[in-house]
Amino acid sequence: MVEQNQEYQHIMVAVDGSDEASAALENAIETAKRNNGDLLIVHVIDNRSYTMGVASFDIEASEEETRTMKEILGEYRQFAINRGVKKVSTELVTGSPKELLAKSLPKEHNIDLILCGQSGLSGIERLMMGSVSQYIIREAPCDVLIVRNQAKEK
């Protein structure tokens, strides 16, 4: 039997800079406020994407993504606080987005709800790499909410 008043105390949202991730962040903020829960905003740097080219370019690209995402995560954190979420933290990690978002981070932070955008990938990228959101749905130890970008669908 499903509990009618499910409360989520430890909410995680995955962000990647896409419109879908922004929609997920908005939803995560509202969910955290409604449940008086804490919010973890996460970005995973997929280190596999930097192993295909010239080493010096890869290091520069990785460092640039790290700098950019640290700044964006700080902005997202402040945005969530300004919107009324009492406890907000961020995490920038490197590795496999699928494994980190579906397994490692939820267990490490006792997450009971994961929110992510429907897809930040193009059709070809999804075909080659597989959808991270689909993997999270199948493997996560908690509830998962996939957020569609309503503006994009109109």
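Residues numbered from 1 in each chain as written. Predicted model: local features only at pLDDT ≥ 70, side-chain atom pairs only at ≥ 80, totals over all residues. Heavy atoms only, no water.

(A) Examining the confidence of the model for the chain more closely. Overall, the predicted model of the chain reaches an average pLDDT of 84, with 78% of residues at or above 70. This stretch, residues 125-129, has a pLDDT under 50; its non-local contacts, to residues over four places away or in other chains, come to six contacts. (pLDDT = per-residue confidence, 0-100. Contact = heavy atoms within 4.5 Å.)

(B) Examining the pattern of salt bridges more closely. A complete count under the given rule lists six salt bridges for this structure. In this structure, the salt-bridge partner of E99 is K103, at a minimum N-O distance of 3.7 Å. Of this pair, E99 and K103 both sit in helix 3 (residues 97-108), separated by four residues, roughly a single helical turn. Residue K103 is classed as partly exposed on the basis of its relative accessible area of 26%. One salt bridge connects E139 with K103, and the closest N-O pair in it is separated by 3.9 Å. Of this pair, E139 sits in helix 5 (residues 132-139) while K103 sits in helix 3, and the two are 36 residues apart along the sequence. According to the relative accessible area criterion, E139 is partly exposed, its value standing at 34%. (Salt bridge = Lys/Arg side-chain N within 4 Å of Asp/Glu carboxyl O. Helix = DSSP H or I, 4+ residues; strand = E, 2+ residues; numbered from the N terminus. Buried < 20%, exposed > 50% of the residue type's maximum accessible area, 1.4 Å probe, protein only.)

(C) A look at the environment of A140. Its place among the elements puts A140 in the loop between helix 5 and strand 5 (143-147). Assessed through its relative accessible area of 16%, A140 is described here as buried. Separated by 41 residues in the primary sequence, A140 and E99 place their C-alpha atoms 9.3 Å from one another. Sequence-distant contacts of A140, that is, excluding residues within four places in its chain, are made with A102 and I114.

(D) Here's a closer look at the side chain of S133. As for its placement among the helices and strands, S133 is situated in helix 5. Look at S133 and you get buried, because its relative accessible area is 8%. Within the local environment of S133, its side chain forms a polar contact with the side chain of S131, the two groups lying 2.9 Å apart. Here S133 is in contact with C116, G117, Q118 and I146, once residues within four sequence places are set aside. (Polar contact = N/O pair within 3.5 Å; in protein donor to acceptor, adjacent residues only side chain to side chain.)

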